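Coordinate analysis (summary)
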Amino acid sequence: MEYEAFWKIITYFYYIGGLLALLKIYQSVTSGIFKSDKRLDGQVVIVTGSNTGIGKAAALDFAKRGAKVILACRDLIKANEAKEEIIEISKNKNVVVRSLDLSSFASVRNFAKEIIATENRLDVLVNNAGVGGVDKKTEDGIEWGMQVNHYGHFLLTNLLIDLLKKSAPSRIVHVSSMIHKIGRLDFDNMKCERSKNGFMVYANCKLYNVIGSNEFARRLEGSGVTSNSLHPGVVNTEIMRHVPYLVRCIVNKLLQLFFKSPEEGAQTTIYLAVSDDVTNMSGKYFVDCQEASTISITEDREIGQKFWEKCCDIVGLKPEERFI
Ligand SMILES: NC(=O)c1ccc[n+]([C@@H]2O[C@H](COP(=O)([O-])OP(=O)(O)OC[C@H]3O[C@@H](n4cnc5c(N)ncnc54)[C@H](OP(=O)(O)O)[C@@H]3O)[C@@H](O)[C@H]2O)c1
């Protein structure tokens, strides 16, 4: 009997191994790779959360293309290390670090003020920074993940909109996740204080990213500024850093073996920021460098409008700061 049980376990391992191998093959075949030698000389690109992961890989790509790249980061030690590495690999010295903590509206305002005071243009804003599994509230009284992933970026984009418009054609890229499809929008729970767990907070804020991106697109119609959102794939990054140690170790190993590298995960971000194919596309959602389907709530104009007003109130945008 013990012998039988042993072989049963071995067989399960085979099945799981086989499934994971198939997953890896599927991932490699479908993974969109953006191939273009288009240059970005003279352009200014901001990438939030670019001291590691997908953001850092995207920032390196933009630097290689000759852009001035602004690493908008919270951890400045890590950000300066990333900057040195990016300069060394890209041979582009025009890479700067600016302090941005998306969990604080005051920090977002300071960052935007500094950018407006020091930059003449902004060609691409990549809203990439993200966090999951932090179970506390920010100094502004909002669920941590919700403020970092959505409200901080919402405020930032609004504050930089005039600079983006002035630099048109320009682009806003929102890094969401396929998990947005299970997120929920409840107008009576916009700060997610009643959401059941950290996972749902994450899913909700990724849904907010897509709804927000589409509403930016509507409001920016005719301005030359585009707004699109994306799912980067399942990517081996530090995104699991706040989950319990054991779960993190197992998931990280799986991510490393069977899913995308940060460079692969950055491809759709780079595609949306650089490609001529999407110059006139706005209000769309992308996966693997291709337009993809999303859920109907993200395309509902009335919901988008109401969502927008609520978000403006929550982030404290004054009437004169609301661009439409
Ligand atoms: N990895 C995936 O499988 C996956 C899948 C779908 C979507 N995404 C999305 O992809 C984006 C990038 O994530 P990643 O996978 O590259 O994860 P990551 O390696 O953990 O990078 C996240 C970045 O966000 C920054 N960040 C966190 N809190 C911040 C704050 N308060 N203010 C400013 N920056 C902050 C981090 O900086 P610190 O080092 O200072 O914390 C880091 O640079 C996120 O929006 C994530 O939701 C990832």
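Reference entry: report on the structure contained in this document. (Residues numbered from 1 in each chain as written. Predicted model: local features only at pLDDT ≥ 70, side-chain atom pairs only at ≥ 80, totals over all residues.)

Quick word on the overall build of the chain
- Looking only at helices and strands, one finds 11 helices and eight strands in the chain.
- For 324 residues, the compact-globule estimate of 2.2 N^0.38 gives 20 Å, and the chain sits close to it at 20 Å.
- By residue count, 46% of the 324 residues in the chain fall in the buried class.
- Taking the intrachain contacts of the chain between residues at least 6 apart in sequence as the baseline, contacts between residues at least 24 apart amount to 77%. (Helix = DSSP H or I, 4+ residues; strand = E, 2+ residues; numbered from the N terminus. Rg over C-alpha atoms; globule rule 2.2 N^0.38 Å. Buried ≥ 20, exposed ≤ 12 C-beta atoms within 10 Å, placed from the backbone. Contact = placed C-beta atoms within 7 Å.)

A word on the environment of Tyr208
- With respect to the helices and strands, Tyr208 occurs in helix α7 (residues 198-219).
- Sequence spacing of Tyr208 and Asp140 is 68 residues, and the spatial spacing of their C-alpha atoms is 18 Å.

Comments concerning the site of the ligand
- In the region of the ligand, 29 residues are neighbours, and Gly49, Gly53, Asp75, Gly130 and Thr237 sit closest.
- Counting residues per element, the shell around the ligand draws most heavily on helix α2 (residues 53-64), at three residues.
- Here the shell around the ligand is built from residues that sort into 12 nonpolar, 12 polar and five charged. (Near = placed C-beta within 6 Å. Nonpolar A, V, L, I, M, F, W, Y, C, P; charged D, E, K, R; others polar.)

Details of the pairing of strand β4 (residues 124-127)
- The two faces of β4 match: Val124 and Val126 on one face and Leu125 and Asn127 on the other face are all buried.
- Alignment of strand β1 (residues 44-48) against β4, held across three bridges, turns out to be parallel. Looking at β4, one finds that Ile46 is bridged to Leu125.
- Pairing of β4 with strand β5 (residues 170-175), which is carried by four bridges, proceeds in the parallel orientation. The partner of Leu125 across the bridge, within β5, is Ile172. (Pairing = 2+ DSSP bridges.)

Topic: the nonpolar core
- Counting 79 residues, the largest nonpolar core has Val45, Val69 and Leu71 as its most contacted members.
- If one sorts the elements of this core by residue count, α7 sits on top with 10 residues. (Core = buried A, V, L, I, M, F, W, Y, C linked by C-beta atoms within 7 Å.)

Things to note about the sheet that holds strand β8 (residues 290-291)
- As summarised here, the arrangement of the eight strands in space is β3-β2-β1-β4-β5-β6-β7-β8, forming an open sheet in which the pairing is mixed. Looking at which strands have only one partner, the edges of the open sheet turn out to be β3 (95-99) and β8.
- On top of the sheet, helix α3 (residues 76-90) reaches β2 (68-73) and β3; it is set at about 170 degrees to β3, its chief contact. (Axes fitted to C-alpha atoms, helices over the stretch in contact; angles between N-to-C directions.)

Here we look at the environment of Val97
- Take Val97: it is sitting in strand β3.
- Sequence separation of Val97 and Lys56 is 41 residues, and the distance between their C-alpha atoms is 12 Å.

Some thoughts on helix α8 (residues 245-258)
- For α8, with 14 residues, the first-to-last C-alpha span of 20 Å sits near the 20 Å given by 1.5 Å per residue.
- Along α8, only zero of the 14 residues are buried, which leaves the element largely exposed. (Expected span 1.5 Å × (residues − 1).)

Brief notes about the packing of α2 against α3
- The interhelical angle for the contact between α2 and α3, taken along N-to-C directions, is 40 degrees, at an axis separation of 9 Å. With respect to each other, α2 and α3 are oriented oblique. Judged by the sense of rotation from one axis to the other, the crossing of α2 with α3 is right-handed. On α3, the residues touching Lys56, Ala59, Leu60, Ala63 and Lys64 of α2 are Ala82, Ile86, Ile89 and Ser90.
- Of the residues contributing to the contact of α2 with α3, the split by class is six nonpolar, one polar and two charged. (Parallel < 35°, antiparallel > 145°, perpendicular 65-115°, else oblique. Left-handed = near helix turned anticlockwise from the far one by under 90°.)

A few points about the pairing of β5
- Most of β5 is tucked away: six of the six residues are buried.
- Burial of the side chains of β5 extends over both faces: Ser170, Ile172 and His174 are buried on one face and Arg171, Val173 and Val175 on the other.
- In the sheet, β5 pairs with strand β6 (residues 225-231) via six bridges, with the strands oriented parallel. The partner of Arg171 across the bridge, within β6, is Thr226.

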